[in-house]
Amino acid sequence: MNGRPRRWQRWGMQWLGFWFAEPPLSQLALMRIGTGLVLLYVLLVHTFDLEIHFSSQGWAGQASLRALDPMAWPFSFFDWFEATAWLWAVHIGAMLTGVAFLFGVYPTATGALSMLFLLSYGHRNPAVLLELDGLVLLGLFYLSLTPCGRVLSALPVRPKGPVFPLGLEPEPDTLAATWGSFPVRVLQLHLCVLYLLSGLGRMSPLWLSGAVLWNPGMAEPGTPIDPETLNARPYLVPLVTQGLALFELFYAVLIWFSRLRYAMLGLAVLAHLTVGILWDLMPFSLMMLVLNLSFVPPLHLAALTERMAPLLTAPWALPRGRT
Amino acid sequence: MARTVSRLLLTAVALLHLGLVEFFPGGRNSLFNVEAPAELAYPTLIPVRDALGFYGVDGDRFLMYRVYSEDGAIYQGTFPAWDISPHLRRHRWVMAGRVASRADPRLHAALVGYVVARLPAPPLRLELFAAHKVWPPGNGAATAPPPEGGAPVALTPLGYYDGVQRKWISAPGEKNR
């Protein structure tokens, strides 16, 4: 009797093998740290205008702000009480939860709670929402579904179940080992579709000709990309606009080829740092680079963190039992 | 067998989730003018439309106000103020300015009330304008920078605050929501 699997069985195994594999613990940990740092920066900047934007005595009435919200159930912790002390209590709670997520303290719970806090800010005042908020939510959503706190974590009490010190890979047959990579795959596909749709949106004469850079709102005098700079170096204009459009269009396909992966990741670093520096969009650019870590081969990141571990003095960084 | 079926279901849910967040950002597909059911709009969370972060950070639309004080002085300012740092904070105010410059009398009345409450003395009159930096003139594509001093600003009156009656009066023809 022939023991070889049938064609549809092989396709099924390959399909499931694509979605479910060993979880890249070091990769997840680094993404968790990057997302946590961006989240804390977002919350820190909220501190400056917390009462102006989010209190009931702010610049916009609550009724008009509620009309701006497209969601059917605009959940917000800020709506529970109207006192200013409650406003600050929620904000401090959000920052403490962000710190806990950054240090890997029960990242599933703290990640989900951080999402609720971010949604609270967004639903309280939709007028000040930025795409950066959506991006941080995206990162928190996927990372909270992964075991991203198993390594490079400050949690003093290890959770029940297998513990994977830095440098050791988990058992491939455990459910945790196969579940952990699934959200990463979904995140990778999400990124690809995001780049593709964004690139298709740039297929307009206004962008490809570079005229969009002359938009007075984007070319402010005194910024690195001010009108005088563009006028002095006209060749920069199509280089920037068409280069960015091509990068976004082809990212979704070329990133999946192993031989081209590092080249595409290098282009991603170049593109996002260029945009971040020239248009003062560094938090967004850095968050995109954090999410791009999902495409870095996990073994390379694990080797990198293993090399970095002796440089850190904190106890959690050192692998157990290693000399 | 159960594990295989559960994983297949998970992948189907993942693809549905991706479809929702990418094609119905914020519960709505602006390309086909279709809205997702309200119950499914929530999972799409806050949409991310631009992979490079350009969406909404250009400060070409904002509000301008002109205050007539009781001592005869006239001064004006913008909402938001441009000397704000760090940049992330400024971008939030830029977005607030874009939203506030839309036709929304209720929002304008609330904003004017906020500004008036923080003036050193109650004004006789406060005029509010939707401001829009215009470059180039017309709809043609620009290949040269705006003139010295920045792009010209087109103003659309939104209404005014009457300091005597202490009430907001919308400009004629402004949309009501």
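Here, every reference points to the structure presented above.
What counts and what doesn't
Residues numbered from 1 in each chain as written. Chains lettered and ligands numbered in written order. Predicted model: local features only at pLDDT ≥ 70, side-chain atom pairs only at ≥ 80, totals over all residues. Heavy atoms only, no water. Helix = DSSP H or I, 4+ residues; strand = E, 2+ residues; numbered from the N terminus. Buried < 20%, exposed > 50% of the residue type's maximum accessible area, 1.4 Å probe, protein only. Contact = heavy atoms within 4.5 Å. Areas by Shrake-Rupley, 256 points an atom, 1.4 Å probe, with all protein chains shown as cover. Core = buried A, V, L, I, M, F, W, Y, C linked by side-chain atoms within 4.5 Å. Polar contact = N/O pair within 3.5 Å; in protein donor to acceptor, adjacent residues only side chain to side chain. Pairing = 2+ DSSP bridges. Phe/Tyr/Trp six-rings, centres within 6.5 Å; stacked < 30°, edge-to-face > 60°.

A word on the overall build of chain A
Argument step 1. A tally of regular secondary structure across chain A gives 15 helices and zero strands.
Argument step 2. Counting every position in chain A, which comprises 323 residues, the buried fraction comes to 51%.
Argument step 3. Of all intrachain contacts in chain A linking residues separated by at least 6 positions in sequence, the fraction that spans at least 24 positions is 77%.
Argument step 4. Approximately 14800 Å² of chain A is accessible, and the part contributed by carbon and sulfur atoms is 70%.

Description of the environment of B:Ile84
Residue and element names in this part refer to chain B.
Argument step 1. Tracing the backbone through its elements, the reader meets Ile84 in the loop between β4 (74-79) and α3 (87-100).
Argument step 2. Considered as a pair, Ile84 and Val115 are 31 residues apart in the sequence and their alpha carbons are 17 Å apart.
Argument step 3. Setting aside chain neighbours within four positions, we find Ile84 in contact with Arg89, Arg90 and Trp93.

Quick notes on the nonpolar core
Argument step 1. In this structure, A:Trp59, A:Leu132, A:Val136, A:Tyr251, A:Met288, B:Phe79 and B:Leu126 are the most contacted members of the largest nonpolar core, which totals 103 residues.
Argument step 2. Per-element tally for this core: the top contributor is helix α9 (residues 182-201) of chain A, with nine residues.

Details of the environment of A:Ser285
Residue and element names in this part refer to chain A.
Argument step 1. Assignment of secondary structure puts Ser285 in helix α14 (residues 282-292).
Argument step 2. Sequence spacing of Ser285 and Tyr121 is 164 residues, and the spatial spacing of their C-alpha atoms is 21 Å.
Argument step 3. For Ser285, the contacting residues outside a window of four places in its chain are His272, Val275 and Gly276.
Argument step 4. Reaching out from Ser285, the side chain makes a polar contact with the backbone nitrogen of Gly276 at a distance of 3.4 Å.

Here's the deal with the pairing of strand β5 (residues 125-133) of chain B
Residue and element names in this part refer to chain B.
Argument step 1. A large share of β5 lies buried, amounting to seven of its nine residues.
Argument step 2. The sheet contact formed by strand β3 (residues 61-68) and β5 spans eight bridges and is antiparallel. Bridge assignment links Leu63 to a residue of β5, and that residue is Ala130.
Argument step 3. As defined by bridge partners, β5 adjoins strand β6 (residues 153-162) across nine bridges and the pair is classed as antiparallel. Looking at the pairing, Arg125 lines up with Asp162 of β6.

Let's talk about the packing of aromatic side chains
Residue and element names in this part refer to chain A.
Argument step 1. By the definition in use, this model includes 20 aromatic pairs over all chains.
Argument step 2. With 5.6 Å between their ring centres and 45° between their planes, Trp19 and Phe182 make a pair best called tilted. One end of the pair, Trp19, is in helix α1 (residues 7-19); the other, Phe182, is in helix α9, and 163 residues separate them in sequence.
Argument step 3. Under the relative-accessibility criterion, Trp19 is labelled buried at 1%.
Argument step 4. The class of Phe182 is buried, set by a relative accessible area of 6%.
Argument step 5. Measuring from centroid to centroid gives 5.0 Å for Phe78 and Tyr121, while their planes differ by 65°, and the two rings are edge-to-face. With Phe78 in the loop between α4 (62-68) and α5 (84-102) and Tyr121 in helix α6 (residues 107-124), this residue pair connects regions lying 43 residues apart in the sequence. Each of the two residues, Phe78 as well as Tyr121, counts as buried.
Argument step 6. Through successive ring pairs, a cluster of aromatic residues spans Trp15, Phe18, Trp19, Phe20, Phe182, Tyr195, Phe247, Tyr251, Trp256 and Phe295.

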